[in-house]
Amino acid sequence: MTQISPARAQDKQQGAQGRTSGTAAQPATKPASDKSLYGGTRSRRVTVRDIAAAKPRGDKWPMLTAYDAMTASVFDEAGIPVLLVGDSMGNCHLGYESTVPVTMDEMTLLSAAVVRGTERALVVADLPFGAYQEGPVQALRNATRLVKEAGVGAVKLEGGERSADQIKLLVDAGIPVMAHIGLTPQSVNAFGGYPVQGRGEEAAQQLLRDAKAVQDAGAFSVVLEAVPAELAAEVTRSLHIPTVGIGAGLECDAQVLVWTDMAGMTKGRVPRFVKQYAELRTALGGAAKEFAEEVVDGTFPAEEHTFH
């Protein structure tokens with residue numbers, strides 16, 4: 001289960017002792033160095049070089065989505081090193097039923113807002129559906145727009161072997177790329193929903209080929225979504241670039257969640273891999289009701305909120 005916490009790792013030996021003795025093991029916090037992506041003292045922007053350097057150190061890191069300047073500033077101040085302006089904005093921010101309708105105009109507008117709201121985080125923006133499927137030239141044109149107009153530090157696109165040519169051209173042009181394999185939400189119509197990917201020998205081998213293909217094309221990291229934990233661990237061991245898990249088990253180099261899921265803003269059922277760290281929907285609704293009741297009964301604005 002994804003955890004966004006300053007305690008980045010639990011001592012395995014201590015945990016084993018706790019299980020055998022019947023007592024709860026206490027998490028051991030690994031001291032953050034100046035180079036740590038989360039908890040370090042670095043004040044400049046995180047870069048893809050920092051991401052690359054984290055894996056050989058065993059430095060795990062968190063990533064959250066963000067879609068506006070105010071929320072992004074909160075996560076930036078919390079020390080989240082990478083913020084993804086995901087096309088998940090379609091579902092949780094723009095009111096669409098899926099990520100498919102998200103446009104380049106929408107992605108550029110909201111990515112620029114996230115960049116303006118941050119000082120330290122590496123901001124990665126999704127290339128939405130239809131923005132790169134035609135081929136490498138289309139991908140370069142739209143990725144360039146996100147870099148020039150929105151100011152993002154990297155882009156993300158879905159697909160393994162089928163997107164390798166797009167990734168290579170972008171990287172050759174100087175645009176860092178985060179890849180995304182496994183469950184790729186832009187393919188919801190082809191998948192017929194959001195099933196776990198990589199189950200069975202043939203599917204597992206294809207996922208491994210996809211992972212190697214995006215690494216060979218120059219991606220600086222790869223998201224593994226809805227992949228069996230054992231397969232994600234094998235992929236992570238086989239690559240020299242970091243893996244970012246979402247529903248892919250504990251062994252990935254990093255973990256990402258959609259922030260509205262993580263913070264309890266999402267209405268209704270959330271995916272199994274989500275852990276909710278707050279209940280913001282309940283809190284926000286309660287605040288709105290309290291405000292409304294004070295307006296109706298004439299107690300707001302009070303004297304301290306009034307000019308004379």
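Scoring rules and cut-offs
- Residues numbered from 1 in each chain as written.
- Predicted model: local features only at pLDDT ≥ 70, side-chain atom pairs only at ≥ 80, totals over all residues.
- Heavy atoms only, no water.
- Helix = DSSP H or I, 4+ residues; strand = E, 2+ residues; numbered from the N terminus.
- Buried < 20%, exposed > 50% of the residue type's maximum accessible area, 1.4 Å probe, protein only.
- Areas by Shrake-Rupley, 256 points an atom, 1.4 Å probe, with all protein chains shown as cover.
- Phe/Tyr/Trp six-rings, centres within 6.5 Å; stacked < 30°, edge-to-face > 60°.
- Pairing = 2+ DSSP bridges.
- Core = buried A, V, L, I, M, F, W, Y, C linked by side-chain atoms within 4.5 Å.
- Contact = heavy atoms within 4.5 Å.
- Axes fitted to C-alpha atoms, helices over the stretch in contact; angles between N-to-C directions.
- Right-handed = clockwise from strand over helix to strand, strands pointing away.
- Salt bridge = Lys/Arg side-chain N within 4 Å of Asp/Glu carboxyl O.
- Expected span 1.5 Å × (residues − 1).
- Arc of directions from axis to C-beta.
- Polar contact = N/O pair within 3.5 Å; in protein donor to acceptor, adjacent residues only side chain to side chain.
- Parallel < 35°, antiparallel > 145°, perpendicular 65-115°, else oblique.
- Left-handed = near helix turned anticlockwise from the far one by under 90°.

1. Description of the overall build of the protein
Then step 1. Looking only at helices and strands, the protein features 12 helices and eight strands.
Then step 2. The buried share among the 308 residues of the protein stands at 47%.
Then step 3. Accessible surface computed for the protein: about 15,700 Å², of which carbon and sulfur atoms make up 55%.

2. Side note on the packing of aromatic side chains
Describing an aromatic ring pair means giving the distance of the ring centres and the angle of the ring planes.
Then step 1. Per the counting criterion, the structure on display carries two aromatic pairs.
Then step 2. Ring plane angle 70° and centroid distance 5.9 Å describe the contact between Phe 291 and Phe 300, whose orientation is recorded as edge-to-face.
Then step 3. A relative accessible area of 49% places Phe 291 in the partly exposed class.

3. Things to note about the pairing of strand β8 (residues 254-257)
Then step 1. The side-chain alternation of β8 yields two buried faces, one formed by Ala 254 and Val 256 and the other by Gln 255 and Leu 257.
Then step 2. Where strand β1 (residues 61-65) and β8 come together, four bridges link them in parallel fashion. By the bridge assignment, Met 63 is partnered in β8 with Val 256.

4. What to know about the nonpolar core
Then step 1. Ranked by internal contacts, the top residues of the largest apolar core, which has 60 residues, are Leu 83, Leu 127, Leu 170 and Leu 224.
Then step 2. Leaving out residues up to four positions away in the same chain, Leu 224 has contacts with Ile 181, Ala 232, Val 235, Thr 243, Val 244, Gly 245, Ile 246, Ala 248 and Cys 252.
Then step 3. In terms of nonpolar packing, the next biggest core, distinct from the first, is built from 18 residues, Ala 54, Val 82, Val 244 and Val 256 among them.

5. Some points on the sheet that holds strand β3 (residues 122-126)
Sheet strands associate in pairs through backbone hydrogen bonding, adopting either a parallel or an antiparallel arrangement.
Then step 1. If you walk around this closed barrel you meet the eight strands as β1-β2-β3-β4-β5-β6-β7-β8, and the pairing is parallel. This sheet shows a mean twist of 25° between the axes of neighbouring strands, independent of strand direction.

6. Focus: the pairing of β1
Then step 1. Counting buried positions along β1 gives five out of five residues, so the element sits mostly inside the fold.
Then step 2. Every second residue of β1 is oriented toward a common face, with Trp 61, Met 63 and Thr 65 on one face and Pro 62 and Leu 64 on the other, all of them buried.
Then step 3. Sheet analysis places β1 next to strand β2 (residues 82-85), joined by three bridges and oriented parallel. Bridging across to β2, Met 63 finds its partner in Val 82.
Then step 4. Each parallel crossover has a hand, and for β1 linked through helix α3 (residues 69-77) to β2 it is right-handed.

7. Quick look at the pattern of salt bridges
Then step 1. What the rule picks out here adds up to seven salt bridges.
Then step 2. Between Asp 59 and Arg 57 there is a salt bridge whose closest N-O contact spans 2.9 Å.

8. Section: helix α6 (residues 136-150)
Then step 1. Taking 1.5 Å of rise per residue, 15 residues should cover 21 Å, and α6 covers 20 Å from first to last C-alpha, within 8% of that figure.
Then step 2. Among the residues of α6, those classed as buried are Gln 138, Ala 139, Asn 142, Ala 143, Leu 146 and Ala 150. Down the axis of α6, the sector holding all buried residues measures 120°, keeping them to one side. Opposite the buried face of α6, by more than 90 degrees, sit the exposed residues Val 137, Arg 141, Lys 148 and Glu 149.
Then step 3. Remark: Gly 151 follows α6 within two positions and exhibits a positive phi of approximately 85°.

9. A few points about the side chain of Asp 59
Then step 1. Tracing the sequence through the fold places Asp 59 in the loop between α2 (48-57) and β1.
Then step 2. Owing to a relative accessible area of 4%, Asp 59 belongs among the buried residues under this scheme.
Then step 3. Separated by 3.1 Å, the side chain of Asp 59 and the backbone nitrogen of Leu 37 make a polar contact.
Then step 4. Only 2.9 Å separates the side chain of Asp 59 from the side chain of Arg 57, close enough to count as a polar contact.

10. Structural notes on α3
Every α-helical turn comprises 3.6 residues, leaving residues that sit three or four positions apart pointing alike.
Then step 1. Along α3, the residues classified as buried are Thr 71, Ala 72, Phe 75 and Asp 76. Summarising the axial view, the buried residues of α3 lie within an arc of 140°, below the 170-degree limit, and thus occupy one face. Facing away from the buried side of α3 by over 90 degrees, the exposed positions are Met 70 and Glu 77.
Then step 2. Check the buried side of α3 and you find it contacts β1, β2, α5 (104-116) and α11 (259-262).
Then step 3. A side-chain oxygen of the first residue of α3 lies 3.1 Å from the backbone nitrogen of Met 70; this N-cap is Asp 68.

11. Focus: the packing of helix α7 (residues 164-172) against helix α9 (residues 201-217)
Then step 1. Orientation of α7 relative to α9, taken along the N-to-C sense of each, is 20°, at an axis distance of 8 Å. In terms of orientation, α7 lies roughly parallel with respect to α9. Pair α7 / α9 crosses with right-handed handedness. On the side of α7, the interface is formed by Ala 164, Ile 167, Lys 168 and Val 171, while α9 contributes Ala 213, Val 214 and Ala 217.

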